[in-house]
Amino acid sequence: MSKKYDPATAVQKLEQFGEFGGVNPSITDSATYSFLEENTMIDAFHGEAEGCFLYSRHWNPSNKYLSDALAAMEGTESAWVTASGMAAITTAILQICNAGDHIITSVTTYGGTFAFLKNYVKKFNIEVTFVNISDIESIKKAIKPNTKVIYTESMTNPMLQISDIPTISKIAHEHDIKLLVDNTFTPMVISPFKLGADVVVYSMTKFINGKNDCVAGAICASEQFINDISNVNDGTAMLLGPVLDPLRSSSILKNMGTLHIRMVQHGKNAMYLAHKFKEIGLKFNYPGMPEHPQHELMNSLMNDGFGYSGIIAIDLETSEKATPFMELMQEKGVGYHAVSLGYFKTLFSNSGRSTSSEVPLEIQKEMGLSPGLVRFSVGLDHDIENTFKLIKSCLDELGYL
Ligand SMILES: Cc1ncc(COP(=O)(O)O)c(C=O)c1O
């Protein structure tokens, strides 16, 4: 398995034209499609009418263009786009798991994913074991005869642990288990399918779209898996219906054309801050720095030339210290005190009280999530030196240094 995948060139090479030779595909904002012949419609219902669209919850031409770009980026045969990242995650999991099955998951994941696995799937009698994903032995130990899925994030939210995808994939496949990887933090930087994941999911709300103007998600997988989720009789996507609006698909597709450049700049800016945070003695966490316990693993997994992504966390130890710091940073124009990530402006939030607030406090403590953790999604700042000066002035003013 090569890490030398070039997702940016794979996307760049796509040629998708619109009507009249438009350089962007035409937007199809139709819910339904007309057929000249009844038999073609019947074939379409059976998934056997090549190039025909039936109804937009099933497939839509604009969604297909975006899906093709995502499949190219990930190196998968196919992809499917959804109305949110959570829709992608829940659709993929519910497609694979039946009542009575078992899932092994990293305990550190996005809070919504944690809540789905902790609180929601029990209504289907699906059992979940939460593990420290860096502890390979604990994954092996958790495997049961009914384990169907190992779930993790390439770079976990908010602990920034790096999942050893090739090793976990090997273990999963030895037991006929599917490996599902959320690659939201590291599009282009890491290519999970190329490293052995079976299904790759995204919140496109974040880096992929990069504009914070919509919520969207994606599932990248084999043609068989995508056909299965869109099957009119028993496909999870077809029947639960988390379809993405085609107008949004077309705008996200255009943003994918600049994703590689944005990832490089997010990574460059985050790396600059990491060096500066080190210089002033802050407790920080960034996989691009040798201090990160999985820096070497990260190096071995990442594609060349896209940086280490734009997420960096600092630990101020208590939320009482984190709160005035974040408020002051917003006041001084460092960026916005807001959840989410991958935006062109810098965003920051206190993970334990926001995007991981679904995780009970005792589990936060167990996984080492400090109540004073401030997660930054570093923006595309042209003058990152000045951004750092502003951050430092906040720390100085509050007497934290
Ligand atoms: C890693 C990760 N996965 C999934 C999601 C959920 O995505 P969405 O908000 O688009 O449903 C998020 C949201 O913050 C996330 O950070």
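Scroll up a little and you will see the structure.
Residues numbered from 1 in each chain as written. Predicted model: local features only at pLDDT ≥ 70, side-chain atom pairs only at ≥ 80, totals over all residues. Heavy atoms only, no water.

J.: I tried to follow the packing of helix α3 (residues 61–74) against helix α10 (residues 246–256) on my own but got confused; where do I start?
T.: Angle between the axes and distance between the axes: these two values describe a pair of packed helices. Viewed as axis vectors pointing N to C, α3 and α10 meet at an angle of 35°, and their least axial separation amounts to 8 Å. At the point where α3 passes α10, the crossing takes the left-handed sense. Between α3 and α10, the contacting residues are Ser 62, Asn 63, Tyr 65, Leu 66, Ala 69, Leu 70 and Met 73 on the first element and Pro 246, Ser 249, Ile 252, Leu 253 and Met 256 on the second. Taken together, the residues that form the contact of α3 with α10 break down as nine nonpolar, three polar and no charged. (Axes fitted to C-alpha atoms, helices over the stretch in contact; angles between N-to-C directions. Helix = DSSP H or I, 4+ residues; strand = E, 2+ residues; numbered from the N terminus. Left-handed = near helix turned anticlockwise from the far one by under 90°. Contact = heavy atoms within 4.5 Å. Nonpolar A, V, L, I, M, F, W, Y, C, P; charged D, E, K, R; others polar.)

J.: Which parts of the structure should I look at to understand the sheet that holds strand β5 (residues 178–182)?
T.: Think of a sheet as strands paired side by side through backbone hydrogen bonds, with each pair either parallel or antiparallel. Strand order across the open sheet formed by seven strands is β1-β7-β6-β5-β4-β2-β3, with mixed pairing between neighbours. Every other strand in the sheet has two partners, leaving β1 (78–82) and β3 (127–131) as the edge strands with one partner each. Between one strand and the next, the sheet's axes are offset by a mean angle of 20°, whatever the strand orientation. As defined by bridge partners, strand β4 (residues 147–153) adjoins β5 across five bridges and the pair is classed as parallel. Opposite Glu 153, over in β5, you have Asp 182 as the bridge partner. Helix α4 (residues 85–96) rests against β1, β2 (102–106), β4, β5, β6 (199–203) and β7 (217–221) of the sheet, and its axis sits at about 155° to β6. (Pairing = 2+ DSSP bridges.)

J.: Can you help me understand the nonpolar core in this one?
T.: Within soluble globular proteins, side chains that are nonpolar tend to cluster in buried spots. Formed by 83 residues in total, the largest nonpolar core has its most connected members in Leu 70, Met 204, Phe 325 and Phe 376. Considering every element that reaches this core, the biggest residue donor is helix α11 (residues 259–279), with six residues. Sequence-distant contacts of Leu 70, that is, excluding residues within four places in its chain, are made with Ala 79, Val 81, Met 204, Ile 208, Ala 218, Cys 220 and Met 256. Of all hydrophobic cores here, the second largest spans 26 residues; its members include Cys 97, Ile 103, Leu 117 and Val 201. (Core = buried A, V, L, I, M, F, W, Y, C linked by side-chain atoms within 4.5 Å. Buried < 20%, exposed > 50% of the residue type's maximum accessible area, 1.4 Å probe, protein only.)

J.: Any chance you could explain unusual backbone geometry here in plain terms?
T.: Leaving glycine aside, a negative phi is the common case for residues, and trans is the common case for peptide bonds. Here the residue pair Asn 157 and Pro 158 is connected by a cis peptide bond, since its omega of 5° sits within 30 degrees of zero. Following the sequence through the fold, Pro 158 ends up in the loop between β4 and α7 (165–174). Despite not being glycine, Asn 212 has its phi angle at roughly 55°, a positive value. Within the element layout of this structure, Asn 212 appears in the loop between β6 and β7. One non-glycine residue, Ser 340, lies in positive phi territory at about 80°.

J.: Please clarify how the site of the ligand should be interpreted in this entry.
T.: Of all residues adjacent to the ligand, which total 15 residues, the nearest are Met 86, Asp 182, Ser 203, Thr 205 and Lys 206. Take Asp 182: an N or O atom from its side chain is 2.6 Å from a nitrogen atom of the ligand. Thr 205 places a side-chain nitrogen or oxygen 2.6 Å from an oxygen atom of the ligand. When the ligand is considered free in solution it has 390 Å² of accessible area, and contact with the protein chains removes 91% of it. (Near = heavy atom within 4 Å. Polar contact = N/O pair within 3.5 Å; in protein donor to acceptor, adjacent residues only side chain to side chain. Areas by Shrake-Rupley, 256 points an atom, 1.4 Å probe, with all protein chains shown as cover.)

J.: Explanation requested: the packing of aromatic side chains in the structure shown.
T.: Each aromatic ring pair is summarised here by two numbers: the centre-to-centre distance and the angle between the ring planes. The final tally for this structure, using the stated rule, is ten aromatic pairs. Geometrically, the ring pair formed by Tyr 343 and Phe 344 is tilted, given 4.3 Å between the ring centres and 35° between the ring planes. We classify Tyr 343 as buried; its relative accessible area is 14%. You can call Phe 344 partly exposed: its relative accessible area is 36%. With a centroid separation of 5.9 Å and 55° between ring planes, the pair formed by Phe 348 and Phe 376 is classed as tilted. (Phe/Tyr/Trp six-rings, centres within 6.5 Å; stacked < 30°, edge-to-face > 60°.)

J.: Looking at this structure, how should I read the pairing of β1?
T.: The buried fraction of β1 amounts to five of the five residues, a majority that puts the element mostly inside the structure. Covered by surrounding structure in β1 are Ser 78, Trp 80 and Thr 82 together with Ala 79 and Val 81, the residues of both alternating faces. In this sheet, β7 lies alongside β1 in antiparallel orientation, the contact comprising five bridges. Opposite Trp 80, over in β7, you have Ile 219 as the bridge partner.

The values reported here are purely geometric and, on their own, carry no functional implication.
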